[in-house]
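# Topology and contacts: notes
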Amino acid sequence: GVCELLDQDESNQPYGAALQQQKTVIHDSELTPSARIIAEMRRYKEPFFHFAKRWSEQHQMYFTSQPLSVEQHQFFAEQALNSLNKQQELEALDEVPFAEYLQHYFTQS
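Residues numbered from 1 in each chain as written. Predicted model: local features only at pLDDT ≥ 70, side-chain atom pairs only at ≥ 80, totals over all residues. Heavy atoms only, no water.

## A closer look at a nonpolar patch on the surface
Taken together, V96, F98, Y101, L102, Y105 and F106 make up a surface patch of nonpolar side chains, about 660 Å² in accessible area. Positionally, V96 belongs in the loop between α5 (70–93) and α6 (98–107). (Patch = residues over 30% accessible without salt bridge, like charges linked within 9 Å, V, L, I, M, F, W, Y side chains within 5 Å. Areas by Shrake-Rupley, 256 points an atom, 1.4 Å probe, with all protein chains shown as cover. Salt bridge = Lys/Arg side-chain N within 4 Å of Asp/Glu carboxyl O. Helix = DSSP H or I, 4+ residues; strand = E, 2+ residues; numbered from the N terminus.)

Structure follows, in structure tokens:
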């Protein structure tokens, strides 16, 4: 199959292992990501908002503790600048005032 083909040059056969893991999930729905989230929410007795906030904060702590290389920092700075420039270009193309746009939007059927 496809996994065997992809795993040909891989000593630990990650594609076959991933496929096997997904086959296990098919036979045990408690292993699905959504079931695992629900189980964790029950364990902590928390609503989804608090679950998502807690995980977001954990991810933030992890990624802020990983310093960017000079090249990575430069790449993201350039991406941000390009994005802002593109936004300005798009906004300059607007020919309809926002209030008129909203009026047109809400009168559509």
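## Here's the deal with the packing of aromatic side chains
The full count for this structure, using the stated rule, is 7 aromatic pairs. Measuring from centroid to centroid gives 6.0 Å for F48 and F51, while their planes differ by 35 degrees, and the two rings are tilted. Taken together, the positions of F48 and F51, both in helix α4 (residues 48–64) and 3 residues apart, correspond to about one turn of that helix. F48 gets classed as partly exposed once you look at its relative accessible area, which sits at 49%. Both rings, one in F75 and one in F76, keep their centres 5.2 Å apart while their planes meet at 75 degrees; by these two values the pair is edge-to-face. Of the residues examined, F76 reaches a relative accessible area of 47% and is grouped as partly exposed. Aromatic ring contacts, followed pair by pair, group F98, Y101, Y105 and F106 into a single cluster. (Phe/Tyr/Trp six-rings, centres within 6.5 Å; stacked < 30°, edge-to-face > 60°. Buried < 20%, exposed > 50% of the residue type's maximum accessible area, 1.4 Å probe, protein only.)

## Brief notes about unusual backbone geometry
The phi angle at Q13 is positive, at roughly 45 degrees, despite the residue not being glycine. By secondary structure assignment, the location of Q13 is in the loop between α1 (2–6) and α2 (14–27). The phi dihedral of K45 falls on the positive side, at around 50 degrees, and the residue is not glycine. Its place among the elements puts K45 in the loop between α3 (33–44) and α4.

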